[in-house]
Amino acid sequence: PAHGFRYNRVLLKVSGEVLMGDQAYGIDMKTVGLVAEAVAKVAREGVEICLVIGGGNIFRGLSKAAGDMDRASADYMGMLATIMNALAMQSALEKIGVATRVQSAIPMAAIAEPYIRRRAMRHLEKGRVVIFAAGVGAPFFTTDSGAALRAAEMGCDALLKGTSVDGVYTADPKKDASATRYKTLTYQEVLSKDLRVMDASAISMMRDTGIPIVVFSIREEGSLLRVLKGEGVYTVIT
Ligand code: UDP
């Protein structure tokens, strides 16, 4: 790995909720800019990094807004939301000089490359940041599953889950003051204790491929860099 870093290649999953900042809905470009800065820093130091962005800040297939819609249609709308977020993130990265490609699991030739595994690998080798949009491209999945799938396909050394909490806790730390943070967990513990870190299909895919999941708060300045060096606060699942 690049000097001082633990991993050569990583996938960072950022949920849509992170991108809305303190707003109740939508995209807060100031927050997107902060995430982009963090990504730029590690990319400039030579770590190969790709991103999966959620869509929950705009639309979720299981949300109230989906109402009586059939699930598959609502999920497709959710996938479209991830494409909007991906374009916002691409703009923020390119504004600060980071070469970026968006690849969509649902081909949309005018605005993004289609997902092509070997092409994505080549971008990463060249130091470009690849943003994977539209999850796995199928309804009844989430972007967590998309993140796990792409991390496995890209041969990533870790799947980083950037959230608004600095790791996995025994209970929700926002509701329960006695909650404590796990330093390490096994995939099996996450599944059997039903610790909602990522959905079960994502966890089991990481278990099967042996890729560690690192959960940390992307809201803390400098946290991504620290986590990649094995410093700072996080929970690691192996
Ligand atoms: N979605 C889907 N298939 C996928 C990825 C996403 O159907 O492979 C839909 C699903 O409706 C989901 C929405 O897109 O609720 C937004 O993604 P997600 O909820 O994973 O976003 P996040 O919670 O990370 O913001």
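Residues numbered from 1 in each chain as written. Predicted model: local features only at pLDDT ≥ 70, side-chain atom pairs only at ≥ 80, totals over all residues.

**Q** I'd like a rundown of the UniProt feature "domain: Aspartate/glutamate/uridylate kinase" (unreviewed entry) in the protein chain, residues and numbers included.
**A** As recorded in UniProt, the feature "domain: Aspartate/glutamate/uridylate kinase" (unreviewed entry) lies at residues 8–217. Along residues 8–217 the backbone is 39% helical and 18% strand, and the end-to-end C-alpha distance reaches 21 Å. (UniProt positions renumbered as here; feature names shortened; annotations may be inferred. Helix = DSSP H or I, 4+ residues; strand = E, 2+ residues; numbered from the N terminus.)

**Q** Can you explain the confidence of the model for the protein chain? Please cite residues and give values.
**A** Within the protein chain, residue pLDDT values average 96, and 100% of them lie at 70 or more. If you check the scores for this complex, the pTM reads 0.97 and the ipTM reads 0.98. (pLDDT = per-residue confidence, 0-100.)

**Q** A description of the nonpolar core should follow, citing residues and the corresponding values.
**A** By size, the foremost hydrophobic cluster in this structure holds 74 residues, and its most contacted members are Leu51 and Leu159. Element by element, the count of residues in this core is highest for helix H3 (residues 71–95), at nine residues. (Core = buried A, V, L, I, M, F, W, Y, C linked by C-beta atoms within 7 Å. Buried ≥ 20, exposed ≤ 12 C-beta atoms within 10 Å, placed from the backbone.)

**Q** Tell me about the UniProt feature "binding site: UMP" (unreviewed entry) in the protein chain, residues and numbers included.
**A** UniProt records the feature "binding site: UMP" (unreviewed entry) at Gly55, Asp75, Val136, Gly137, Ala138, Pro139, Phe140, Phe141, Thr142 and Thr143, using the numbering of this structure. Separation in sequence by 89 residues is not matched in space for these annotated residues, since their most distant C-alpha atoms are only 14.1 Å apart. Using a count of 23 C-beta atoms within 10 Å as the deciding quantity, one classes Asp75 as buried. Among residues more than four places away in sequence, those in contact with Asp75 are Gly61, Pro139 and Phe140. (Contact = placed C-beta atoms within 7 Å.)

**Q** Outline the site of the ligand, listing residues and values.
**A** Around the ligand, a shell composed of 25 residues is seen, among which Gly54, Gly56, Gly61, Gly78 and Gly135 lie nearest. The set of elements that each furnish at least two residues to the shell around the ligand consists of helix H1 (16–19), H3 and helix H5 (143–153). For the shell around the ligand, the element with the most residues is H3, which contributes six residues. Broken down by class, the residue content of the shell around the ligand amounts to eight nonpolar, 13 polar and four charged. (Near = placed C-beta within 6 Å. Nonpolar A, V, L, I, M, F, W, Y, C, P; charged D, E, K, R; others polar.)

**Q** Can you break down the sheet that holds strand E5 (residues 129–133) residue by residue, with the values?
**A** Read across the sheet, nine strands follow the order E4-E3-E5-E2-E1-E6-E8-E9-E7 without closing on themselves; strand pairing throughout is mixed. Each edge of the open sheet carries a strand with a single partner, namely strand E4 (113–114) and strand E7 (184–185). In this structure, strand E6 (residues 158–163) lies alongside strand E8 (residues 213–217), joined through five bridges in parallel fashion. Paired with Gly162 across the two strands is Phe216, which belongs to E8. Packed onto the sheet, helix H2 (residues 29–44) meets strand E1 (9–14), strand E2 (48–53) and E5 and runs at close to 155° relative to E2. Across the sheet, H5 is in contact with E1, E2, E5 and E6; its angle to E1 comes to roughly 175°. (Pairing = 2+ DSSP bridges. Axes fitted to C-alpha atoms, helices over the stretch in contact; angles between N-to-C directions.)

**Q** Just give me the short version of the pairing of E1, but keep the residues and values in it.
**A** Every other side chain in a regular strand lies on the same face of the sheet, so the side chains alternate between the two faces. Taken across its six residues, E1 has five buried, putting it largely inside the fold. Bridge count for E1 against E2 is six bridges, and the pairing is parallel. Bridge pairing in E2 links Arg9 to Glu48. Pairing of E1 with E6, which is carried by five bridges, proceeds in the parallel orientation. In the strand pairing of E6, Leu12 is matched with Leu160.

**Q** Kindly report on the pairing of E2, identifying the contributing residues and their values.
**A** Here E2 lies mainly inside the structure; six of its six residues are buried. Side chains of E2 alternate between two faces, with Glu48, Cys50 and Val52 and Ile49, Leu51 and Ile53 buried alike. By the bridge criterion, three bridges tie E2 to E5 in an arrangement that is parallel. The residue of E5 that forms the bridge with Val52 is Phe132.

**Q** A description of unusual backbone geometry should follow, citing residues and the corresponding values.
**A** A positive phi angle, near 70°, is found at Ala134, a position not held by glycine. Its place among the elements puts Ala134 in the loop between E5 and H5. Here Ala134 falls in the buried class, since 27 other C-beta atoms lie within 10 Å of it. Phi is positive for Phe140, which is not a glycine, with a value near 70°. With respect to the secondary-structure elements, Phe140 resides in the loop between E5 and H5.

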